[in-house]
Structure formats: structure tokens, C-alpha cells
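In case you want the letters, here they are:
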Amino acid sequence: MRNLFVLATALSAVGVATRSEAASPDSFDTVAFLQACSDLVPNVDYALPKDVECISQSHRMCELADPSAEAEKCVSVVSKWMRNETISEWSQIPEKLRLGYGHPPAAQELARDAMRYFDNELLAQFAPAIPDCEDVQVQGVSEQVVCGYADAMAGWLALRELQRTAERAEE
């Protein structure tokens, strides 16, 4: 039953193409999906994997919408959204909660500092698993785009965790 729901949701979001037409890249709004999905993640334990799932699903949906697109296209769209979201929201995090970061942390900064700074055990466990982006190879995606994605993901995950921390502090 769950698989049918997921399939129905995916097909309606993509806008099922007829045999005579290919799905256009504009038929799925990756940015709207990212925003809606991330807005639905509650401030609970294990919210971080849910955030990651939003990113993962948005990438998959983007690829399904335009299977003929270059591999970098969807990675770039998702990376740009995470970067823009992080930049626009970072200043709203109280300075005392930013853990000394004047700017969102890059992937290697997060990997280095997570165990010391973050109260969240899950993020502290996740961060050391962030590989050096130069060691990661994704077929059809340049090293520059892979590194940009890793840094955008690290900054966005740190932002999400700090937003939750700030929210809890207000309660």
C-alpha cells in the first residue's frame, strides 16, 4: 500500500508524460519540494535523518522529472537550494548558539568540530562519516560540484540543528 502511495505521489508531482511527450524539467519543482519537505520535519529526536531524506528524495524526484538531463543538473539544483537556505537563515541563529562560526561550516569543518560542539549525538556520529569530497567520485558530476554539494549539505545540516537548538531554548 505504501509503495502505491509513493508511486502515486511521484507520478502526480512529475506530471505523467504521455508516450508522445517527455517529462519537461519544469514539471517537477525541486525547490518547492525541498521547502515543503523540510518544513514538515518536526523538532524531535532523529529529525536529522528526516532532513537528509528530504534532500535525497528531492534529488531523486528531480532526476525522475528529467531523465535525460546531465547528472550535475539535479545535484546543482539541490546544492544551490541548501546554500541559499543556509545563507538566508544563518543570521537568524542567535550568535551565542553559532558555536563560533561566523559563517555556515564547510563539510570538513563540520567533520572536525561536530564531536566538540554539537549536543546532538546523531550529528556528532554523522559528521565523521563525511568523506573528503576530493575522494568521492560520482559519475557525470565534477569534483567541484561534488565538493559544493558536500559543503552545502554540511552547512544546511548544521543550520537545521542550530535552528532546533534555538527553538528548544525559547521553550
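Because the structure is a prediction, the values reported are computed rather than measured.

A. The overall build of the chain, seen in detail. On a plain count of helices and strands, the chain comes out with 7 helices and 0 strands. Written out in order from the N terminus, the α and β elements of the chain read α-α-α-α-α-α-α. With 171 residues in all, the chain has 36% of them scored as buried. Of the contacts made within the chain by residues no fewer than 6 positions apart, 65% connect residues no fewer than 24 positions apart.

B. Spotlight on the confidence of the model for the chain. Per-chain confidence: the chain averages 77 in pLDDT, with 74% of residues scoring 70 or above. By mean pLDDT, the top-scoring element of the chain is helix H2 (residues 30-40) (95), and the lowest-scoring one is helix H1 (residues 2-14) (35). Note on residues 1-23: pLDDT under 50 across the span, and 14 contacts to partners over four residues away in sequence or across chains.

C. Looking closely at the environment of Gln-108. With respect to the secondary-structure elements, Gln-108 resides in helix H5 (residues 107-117). Residue class for Gln-108 comes out partly exposed when judged on its relative accessible area of 39%. For the pair Gln-108 and Cys-133, spaced 25 residues apart in the sequence, the C-alpha separation amounts to 8.9 Å.

D. Quick peek at helix H4 (residues 71-90). The first and last C-alpha atoms of H4 sit 29 Å apart over 20 residues, in line with the 28 Å expected at 1.5 Å per residue. For H4, the full list of buried residues reads Cys-74, Val-75, Val-78, Ser-79, Trp-81, Met-82, Glu-85, Thr-86 and Trp-90. Along the long axis of H4, the arc covered by the buried residues comes to 155 degrees, so they all point the same way. Structurally, H4 contributes buried residues whose contacts are with H2, helix H3 (47-65) and helix H7 (143-170).

E. Main features of the side chain of Ser-58. Mapped onto the elements, Ser-58 comes out in helix H3. Relative accessible area serves as the criterion here: at 0%, Ser-58 is assigned to the buried category. Excluding residues that lie within four positions of it along the chain, Ser-58 makes contacts with Phe-28, Thr-30, Phe-33, Leu-34 and Val-78.

Rules of the game
- Once a new chain begins, its residue numbering starts again from 1 and follows that chain's sequence as written.
- This being a predicted model, a pLDDT of at least 70 is required before a residue's local features are given, and a value of 80 or more before pairs of side-chain atoms are given or counted; all residues contribute to the totals for chains, interfaces and linings.
- Neither water nor hydrogens contribute to the side-chain values; these are computed over all heavy atoms in the structure.
- Where helices and strands are cited, they refer to DSSP runs of H or I of at least four residues and of E of at least two residues respectively, numbered from the N terminus.
- Partly exposed describes any residue whose relative accessible area lies between the buried limit of under 20% and the exposed limit of over 50%, with all areas from a 1.4 Å probe on protein chains only and scaled to the type maximum.
- For this analysis, residues touch if any pair of their heavy atoms sits within 4.5 Å.
- pLDDT runs from 0 to 100 and stands for how confident the predictor is about each residue.
- Take the residue count of a helix, subtract one, and multiply by 1.5 Å to get its expected span.
- Taken from the helix axis, the directions to the C-beta atoms give the arc we talk about.

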